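# Observations on the model geometry
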Amino acid sequence: MLQILISRATSNIKCFRALQLILVTLLIVSCGVKTSTKNESSPVKTETVIADEIDINSKDLETFPFAVIDNVPVYPGCESYTSNEEQMLCFSRKIEEFAMLNFNTGLAQELKLTGVNRIIILFKIDKQGDVTDIKVRAPHPKLEEEARRVIQKLPKMTPGKQKGKAAGVMYSLPIVFEIHTVNK
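Residues numbered from 1 in each chain as written. Predicted model: local features only at pLDDT ≥ 70, side-chain atom pairs only at ≥ 80, totals over all residues. Heavy atoms only, no water.

## Quick word on the nonpolar core
Counting residues in hydrophobic clusters, the biggest one holds 39 residues, and the most contacted among them are Ile-95, Ile-119, Ile-121, Phe-123, Leu-143 and Leu-154. Elements supplying a minimum of two residues to this core: helix 2 (84-102), helix 3 (107-110), strand 2 (115-125), strand 3 (131-137), helix 4 (141-152) and strand 5 (165-179). If you tally residues by element for this core, the top one is strand 5, at seven residues. (Core = buried A, V, L, I, M, F, W, Y, C linked by side-chain atoms within 4.5 Å. Buried < 20%, exposed > 50% of the residue type's maximum accessible area, 1.4 Å probe, protein only. Helix = DSSP H or I, 4+ residues; strand = E, 2+ residues; numbered from the N terminus.)

Given below as structure tokens:
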């Protein structure tokens, strides 16, 4: 029974890592190439994404995706976890909790946004454990500012390690929320 639980947890972690790697890659690549539809009145925009392979074993690469780093950065309060998988889950949970506690949830309603809204945040935890290189994509510039403000408030962390050396780690945090309008 214990083996089944461990195997299920391990497969969930692997799926989570793969999903994050895909999101990070898409966000990094899509920041550079954008094309819009010819019908400018349409609110839907198309994006062309061209992905290059990342050589994880490259010696000149100093920043690694969260999903493939040997030792993930340690968020304050996650030090007691011993395995990388446990620290990864703790890190993700703490980042999500921090974002939920500090994000101004009323801002979307003030901006009169409706339906499902997505904010994608990509940031780096550098070799010193500081948050840097914050990139945000959101449906409104004020939501981008708010997301950037929240991520800048993250505490200093123990940096991630690749092959025993401190390394930068890219992390993506998707925030998805839905605004329900009440018809009067």
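## Overview of unusual backbone geometry
Residue Lys-112 is not a glycine yet carries a positive backbone phi of 60°. One can find Lys-112 in the loop between helix 3 and strand 2. Judged by its relative accessible area of 69%, Lys-112 is exposed. The phi angle at Lys-163 is positive, at roughly 55°, despite the residue not being glycine. With respect to the helices and strands, the residue Lys-163 is situated in the loop between strand 4 (160-162) and strand 5.

## A short note on the environment of Leu-89
Mapped onto the fold, Leu-89 is located in helix 2. Leu-89 sits in the partly exposed class, given a relative accessible area of 41%. Residues Leu-89 and Val-72, 17 residues apart in the sequence, show an inter-C-alpha distance of 10.0 Å.

## Topic: the pairing of strand 5
Here strand 1 (residues 63-65) runs beside strand 5; their pairing, made up of three bridges, is parallel. Bridging across to strand 5, Thr-63 finds its partner in Gly-168. As paired strands, strand 2 and strand 5 are joined by 11 bridges and run antiparallel to one another. Bridged to Leu-122 within strand 5 is Ser-172. (Pairing = 2+ DSSP bridges.)

## Focus on the packing of helix 2 against helix 4
In helix packing, the relevant descriptors are the interaxial angle and the interaxial distance, both defined with respect to the helix axes. Viewed as axis vectors pointing N to C, helix 2 and helix 4 meet at an angle of 125°, and their least axial separation amounts to 10 Å. Between helix 2 and helix 4, the interaxial angle falls into the category oblique. In the crossing of helix 2 with helix 4, the sense of the turn from one axis to the other is right-handed. Touching Phe-98, Ala-99 and Asn-102 of helix 2 are Glu-146, Arg-149 and Val-150, all from helix 4. Looking at the contact of helix 2 with helix 4 residue by residue, the class counts come to three nonpolar, one polar and two charged. (Axes fitted to C-alpha atoms, helices over the stretch in contact; angles between N-to-C directions. Parallel < 35°, antiparallel > 145°, perpendicular 65-115°, else oblique. Left-handed = near helix turned anticlockwise from the far one by under 90°. Contact = heavy atoms within 4.5 Å. Nonpolar A, V, L, I, M, F, W, Y, C, P; charged D, E, K, R; others polar.)

## Focus on helix 4
Taking 1.5 Å of rise per residue, the 12 residues of helix 4 would be expected to cover 16 Å, and the 16 Å separating its terminal C-alpha atoms lies within 8% of that figure. Each element contacted by the buried residues of helix 4 is listed here: helix 2, helix 3, strand 2, strand 3 and strand 5. (Expected span 1.5 Å × (residues − 1).)

## What to know about the environment of Lys-135
If you trace the backbone, Lys-135 turns up in strand 3. Here Lys-135 falls in the partly exposed class, since its relative accessible area comes to 37%. A C-alpha to C-alpha distance of 5.1 Å links Lys-135 and Leu-122, two positions 13 residues apart in sequence.

## Some points on the packing of aromatic side chains
One pass over the full model with this rule turns up five aromatic pairs. Arranged with centres 4.8 Å apart and planes meeting at 85°, the rings of Phe-66 and Tyr-171 form a pair that is edge-to-face. Placement of Phe-66 in the loop between strand 1 and helix 2 and of Tyr-171 in strand 5 is noted, with a sequence separation of 105 residues between them. Considered together, Phe-66 and Tyr-171 belong to a single accessibility category, that of buried residues. (Phe/Tyr/Trp six-rings, centres within 6.5 Å; stacked < 30°, edge-to-face > 60°.)

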